[in-house]
Structures are given as structure tokens and as C-alpha cells.
Amino acid sequence: MKKNLGTMDRWLRALAALGMLACAALVPLPLAWRVALLGGSAVYLALSALAGTCVAYRLLGRSALGLELATKRDRRHARRHRHAIDAKKE
């Protein structure tokens, strides 16, 4: 799968996964609820951080990567803008 998560997004997901795992251990709920809600979410966040891809971003056509933009229109706009900046430097 093509990566669509930037470095900061990946770090935040990993930290959120650790926080959710800690909450799953400490929250006074039945074990089944803790595993299903907090544990499942934590596992998804950790796996998406490791893989560098997010299913929700993919379905929405989004990307959190710096210059890799999700839509053709955005890429065209970025190319034009980059050329304008390069022309000013010269």
C-alpha cells in the first residue's frame, strides 16, 4: 500500500496508541470492553504508524505527506506555485 502518513502523524499515532494501551490497563471497565474499545483502537493506530498508511485517508483521497499531494488539481497547483517561486529567485 502506498504511504500517506507524514512523520509527525506517525509519531502522534504511536503516542496515542501507547496512551490508549495505558488507559486499557487502568480504566475500571470489564475486560471485554477494554480490549474491544481501547485495545482495538490502539492496535490500529500502532499498525498504521508502523506501516505509514491510513485507511481513512486512503478512502478520502487525502495524504499527510509533505509534498505528495492527494489530488491531481493540488499537484498542478503546487507545480505552478513552485515555478513561480523559482522564477522569483532568479
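This text follows the structure it describes.
What counts, and where the lines are drawn
- Residues numbered from 1 in each chain as written.
- Predicted model: local features only at pLDDT ≥ 70, side-chain atom pairs only at ≥ 80, totals over all residues.
- Heavy atoms only, no water.
- Helix = DSSP H or I, 4+ residues; strand = E, 2+ residues; numbered from the N terminus.
- Buried < 20%, exposed > 50% of the residue type's maximum accessible area, 1.4 Å probe, protein only.
- Contact = heavy atoms within 4.5 Å.
- Areas by Shrake-Rupley, 256 points an atom, 1.4 Å probe, with all protein chains shown as cover.

*Asks:* What's the story with the overall build of the chain in this structure? I'm lost.
*Replies:* The secondary structure content of the chain amounts to 4 helices and 0 strands. Listing each helix as α and each strand as β along the chain from the N terminus yields α-α-α-α. For the chain, the residues scored as buried account for 20% of the 90 residues in total. Considering only intrachain contacts with a sequence separation of at least 6, the fraction spanning at least 24 residues in the chain is 67%. Surface summary for the chain: the accessible area is close to 7,000 Å², and the carbon and sulfur share equals 68%.

*Asks:* In this structure, what is going on with the environment of leucine 45? I would like to understand it.
*Replies:* With respect to the element layout, leucine 45 can be found in helix H2 (residues 31-51). Residue classification places leucine 45 among the buried residues on the basis of a relative accessible area of 16%. Counting along the chain gives 35 residues from leucine 45 to arginine 10, while the straight-line C-alpha distance between them is 8.8 Å. In this structure, leucine 45 is in contact with Arg13, Ala16, Ala17 and Met20, ignoring residues within four places of it in sequence.

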